[in-house]
Amino acid sequence: VPQSSALFSKLTTDPQLLQKAIEYLEAVGDVMQAGDQLLIDPIGWFSTFICHFVKDDLAVSTIQIDNSALRQQRGTIHLSDIIQALEHEYVSPEEHIAQIMELLCGLELCVPLEKTSFLFPCLLPHLSTSTSLFDEGYLNSTHVSAVRGHRFRESSGFIPPGLFLGLIARLFQSLAPGVMHPTRMWKDCAVLFLNNAVTRVLLRCDLEKSVIDVVGFAPSSEQLFVGAAKGQASAVIWIVHLIKMYLRNYSQLKFDEAWLCTNPECHGSRGGQYSYQGSEFPLLPRVTSRKNRAHDCNAEGCQRFLGMGHSLDVMQLTCHSDSVLCTT
């Protein structure tokens, strides 16, 4: 917009008009807002930034981190390596790159592990077919008598590849330390440890089937619960609530929801991988007299399983059933 134009004058004097302009540009993908900062051309900029770390072994590059090293580091990059790789592009590399990393964390494109390293979920490996979540101890297959599962299925058959990566980035930053760990995270899967690692929650995304599953495993039904007082509920219910709040960013997508069978035999291993072999029990929102109000997970402590956030958007079975068990 020319500085001499009437539109530019209005944008500089009308905060509401300026915010509407920003929201429009954000909607079409030209900018991305993070607090009081704006990232121009976020897709192109981030692609250029990431290409410094992902390259073919034969490509000529000034970066010192190659694909084999990234695979060993599981997407973890030390700040010193980033500064060394990009110092020729900035006048004050340490200051400017620190600001860039703070912006990327705010955009949930990476997460801080320590003051000196960052995890880029987009650089995590896919869960290998040779990795058994059960045999290698990520999921407890023995002494499990309580299983609860919730499934999100995108109705049009499309889940953006970056959706699940952003989800695990948000959960990693917001949940209590130790609940998630880079060694238990992949591009399409993550395992959460709760209740002193007695309770395990599996998050997995199948882009081909357009589903996101949340499955909790525990030795007893009582050990599936987290929180205290009014906030006490199944870990699955709490994680589902946090996912729903995250999916509000994707209002153009429509997710159907279903409960999974509570029989542990329906949640097993096939070819070394977790496999659900039971039925789906479709859900609909329960009609309540509670008025919808603005809900802020950060303010109400949902990430620590406090408050009543888990009771929002209560779901019920589409048909009456005494239990959620497969009949076959």
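A brief look at the structure comes next. (Residues numbered from 1 in each chain as written. Predicted model: local features only at pLDDT ≥ 70, side-chain atom pairs only at ≥ 80, totals over all residues. Heavy atoms only, no water.)

### A short note on the sheet that holds strand β3 (residues 76-78)
Note: strands within a sheet are paired through backbone hydrogen bonds, in either parallel or antiparallel orientation.
Phase 1 of the analysis: Pairing is antiparallel across the open sheet formed by 3 strands, whose spatial order is β3-β5-β4. The open sheet terminates on both sides in strands that have one partner only, identified here as β3 and β4 (111-114). Strand-to-strand twist across the sheet, computed as the mean angle between neighbouring axes with direction ignored, equals 35°. (Pairing = 2+ DSSP bridges. Helix = DSSP H or I, 4+ residues; strand = E, 2+ residues; numbered from the N terminus. Axes fitted to C-alpha atoms, helices over the stretch in contact; angles between N-to-C directions.)

### Topic: the nonpolar core
As a rule of thumb, nonpolar side chains are buried together in soluble globular proteins.
Phase 1 of the analysis: If you look at the biggest cluster of nonpolar residues, it comprises 42 residues, and the most contacted ones within it are Leu 163, Leu 175, Met 180, Leu 192, Leu 203, Val 214 and Ile 239.
Phase 2 of the analysis: Where this core is concerned, the elements lending two or more residues are α7 (161-174), β7 (189-194), β8 (199-206), β9 (211-218) and α8 (235-247).
Phase 3 of the analysis: Counting residues per element, this core draws most heavily on α8, which supplies 10 residues.
Phase 4 of the analysis: With near-sequence residues (within four places) excluded, Met 180 lies in contact with Ile 168, Leu 171, Phe 172, Leu 175, Met 185, Ala 190 and Leu 192.
Phase 5 of the analysis: Ranked by size, the runner-up nonpolar core spans 24 residues in total, among them Leu 133, Trp 186, Tyr 276 and Leu 283. (Core = buried A, V, L, I, M, F, W, Y, C linked by side-chain atoms within 4.5 Å. Buried < 20%, exposed > 50% of the residue type's maximum accessible area, 1.4 Å probe, protein only. Contact = heavy atoms within 4.5 Å.)

### Observations regarding α7
Phase 1 of the analysis: Extensive coverage of α7 is indicated by the burial of 10 of its 14 residues.
Phase 2 of the analysis: Burial in α7 covers these residues: Leu 163, Phe 164, Leu 165, Gly 166, Leu 167, Ile 168, Ala 169, Leu 171, Phe 172 and Ser 174.
Phase 3 of the analysis: Tucked into the core, α7 has its buried residues touching β4, β7, β8, β9, α8 and β12 (255-260).

### Concerning the packing of aromatic side chains
Phase 1 of the analysis: If you walk through the whole model with that rule in mind, you get 5 aromatic pairs.
Phase 2 of the analysis: Judged by centre distance (5.8 Å) and plane angle (50°), the rings of Trp 238 and Phe 305 are tilted. Taken together, the positions of Trp 238 in helix α8 and Phe 305 in the loop between α9 (297-300) and β16 (315-317) put the pair 67 residues apart, joining distant regions of the chain. Like Trp 238, the residue Phe 305 is buried in the burial classification.
Phase 3 of the analysis: Aromatic pair Tyr 246 and Tyr 250: ring centres 5.8 Å apart, planes at 50°, arrangement tilted. Per residue, the accessibility class of Tyr 246 equals that of Tyr 250, and both read buried. (Phe/Tyr/Trp six-rings, centres within 6.5 Å; stacked < 30°, edge-to-face > 60°.)

### Looking at the packing of α7 against α8
Phase 1 of the analysis: In the contact formed by α7 and α8, the axes pass within 11 Å of each other and the chain directions differ by 125°. Judged on the interaxial angle alone, α8 and α7 are oblique. You can see that α7 and α8 cross each other, and the crossing is right-handed. Taken together, the residues of α8 that come into contact with α7 (itself represented by Gly 162, Leu 163, Gly 166, Leu 167, Arg 170 and Leu 171) are Leu 242, Ile 243, Met 245, Tyr 246 and Leu 247.
Phase 2 of the analysis: Residues belonging to the contact of α7 with α8 are distributed by class as follows: 8 nonpolar, 2 polar and 1 charged. (Parallel < 35°, antiparallel > 145°, perpendicular 65-115°, else oblique. Left-handed = near helix turned anticlockwise from the far one by under 90°. Nonpolar A, V, L, I, M, F, W, Y, C, P; charged D, E, K, R; others polar.)

### Some details on helix α5 (residues 79-86)
Phase 1 of the analysis: Of all the positions in α5, only Leu 79, Ile 82, Ile 83, Ala 85 and Leu 86 are classed as buried. Taken end-on, α5 shows its buried residues confined to a sector of 165°, consistent with a single buried face. (Arc of directions from axis to C-beta.)

### As for unusual backbone geometry
Phase 1 of the analysis: Despite not being glycine, Ser 210 shows a phi value in the positive range, around 60°.
Phase 2 of the analysis: Its location among the elements puts Ser 210 in the loop between β8 and β9.
Phase 3 of the analysis: Under the relative-accessibility criterion, Ser 210 is labelled buried at 2%.
Phase 4 of the analysis: We note that Phe 305 has phi near 60°; this positive angle belongs to a residue other than glycine.

### A closer look at the environment of Cys 205
Phase 1 of the analysis: For Cys 205, the position within the fold is in strand β8.
Phase 2 of the analysis: Here Cys 205 falls in the buried class, since its relative accessible area comes to 10%.
Phase 3 of the analysis: The sequence separation of Cys 205 and Ile 159 amounts to 46 residues, and the corresponding C-alpha distance is 9.1 Å.
Phase 4 of the analysis: The contacts of Cys 205, once residues within four sequence positions are left out, are Phe 164, Asp 188, Val 211 and Ile 212.

### Concerning the layout of surface pockets
To locate leftover empty space, one rolls a probe as large as a water molecule over the atoms.
Phase 1 of the analysis: Approximately 1200 Å³ is the volume attributed to the largest pocket.
Phase 2 of the analysis: Lining the largest pocket are 26 residues, with Met 32, Leu 107, Leu 109, Tyr 246 and Tyr 250 sitting closest to its centre.
Phase 3 of the analysis: When residues of the lining of the largest pocket are traced back to their parent elements, those giving at least two are α2 (15-27), β1 (31-34), α3 (42-50) and α7.
Phase 4 of the analysis: Ranked by the residues each element gives to the lining of the largest pocket, the list is headed by α7, at 6 residues. (1 Å grid on protein atoms, 1.4 Å probe; cavity = no way out; pocket = protein on both sides within 12 Å on 5 of 7 lines; lining within 4 Å. Points joined across faces, edges and corners; volume = space filled by probe spheres on them.)

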